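# Observations on chain architecture
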Amino acid sequence: GPLEEMSLPLFFGWFLLSSARDKVRCTSMDFLKTLDTLDAFKKHLSDFTGKAEKEVDLEQYFQSKGTLLHCTTKFCNYGKAEGAKEYVQNPTVKDLYGSAFELSLSALFVTPRTVGARVSLTEEQLLLWPADAEKESESASLPRGSRAHITLGCAENVEPVQTGVDLLEILALQQEGQRGELIEEMELGSLTYYGEGRWLLTLREPICSPACFSSVYG
Ligand code: ACK
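Keep in mind that what you see is a predicted model, and the values were worked out from it rather than measured.

## Quick look at the confidence of the model for the protein chain
- Residue-level pLDDT values for the protein chain average 93, and 94% of them are 70 or greater.
- As scored by the predictor, the complex reaches a pTM of 0.95 and an ipTM of 0.99.

Listed below in structure tokens is the structure:
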């Protein structure tokens, strides 16, 4: 009945603690500030503007949604999403609910739609990862956990669900053997362009972020 559906959250995920949040926000702001000044980026500016504009301010272009940063494990949609009830009943989910984890952020990525951080999950973290999270990817063979990410911002009229889709798209290109165009070694890591406005910064030093496994009803 409706009461039962109400008892499931909107989604489960790891929620970054406030110190980690600031660190991640600063790093991503640094990256966006640098990226939109690079000649290589300006060369492909039409990916972002669609018009012959000369500049784009990426910090303005992406609106950050709220202040909480999180990595979604399972989108439950209050129980309406496929597999939501099974996920809640998983004993590991119950056992680990409310406990602390260390997330490893291994890359930042930017597309005309979203900006996000890739999260590299440990074996233990994968126990909380739903089996079907990567099914949207057309090349069906991406390893479990590939979609794990933190949404850092979305372009106007873009929903955060897009961030994971954009990440899967870049990883699918890599798996097809596309190595992208290595643009430059930045202080933060190496910057690669994958065409159609898709930029990937592989971090030299992964960012380690303490996070709590919990859920949101809001
Ligand atoms: O940035 P995200 O991972 O993308 O965090 C938000 C969160 O749930 C609350 O909206 C994610 N989300 C929304 N719809 C879906 C979906 N269909 N599949 C997976 N994640 C989703 C969204």
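Still to come is the rest of the account.
## A look at the pairing of strand 3 (residues 100-110)
- With eight of 11 residues buried, strand 3 lies mostly within the body of the structure.
- Where strand 3 lies against strand 8 (residues 199-216), 10 bridges are found, and the strand directions are antiparallel. Bridge pairing in strand 8 places A107 opposite T202.
- Note: strand 3 against strand 4 (residues 114-120), six bridges, orientation antiparallel. Bridge pairing in strand 4 places V110 opposite V115.
- Following strand 3, the chain reverses through three residues before pairing antiparallel with strand 4.

## Some words on the site of the ligand
- Within the structure, the ligand sits among F11, H70, T72, F75, R147, H149, T151, P160 and V161.
- Note that an oxygen atom of the ligand is positioned 2.8 Å from one of the side-chain N or O atoms of T72.
- Relative to its unbound accessible area of 450 Å², the ligand is 74% covered by the protein chains.
- At the level of elements, strand 2 (70-75) and strand 5 (149-154) are the ones that each hand at least two residues to the shell around the ligand.

Rules of the game
Residues numbered from 1 in each chain as written. Predicted model: local features only at pLDDT ≥ 70, side-chain atom pairs only at ≥ 80, totals over all residues. Heavy atoms only, no water. pLDDT = per-residue confidence, 0-100. Buried < 20%, exposed > 50% of the residue type's maximum accessible area, 1.4 Å probe, protein only. Helix = DSSP H or I, 4+ residues; strand = E, 2+ residues; numbered from the N terminus. Pairing = 2+ DSSP bridges. Near = heavy atom within 4 Å. Polar contact = N/O pair within 3.5 Å; in protein donor to acceptor, adjacent residues only side chain to side chain. Areas by Shrake-Rupley, 256 points an atom, 1.4 Å probe, with all protein chains shown as cover.

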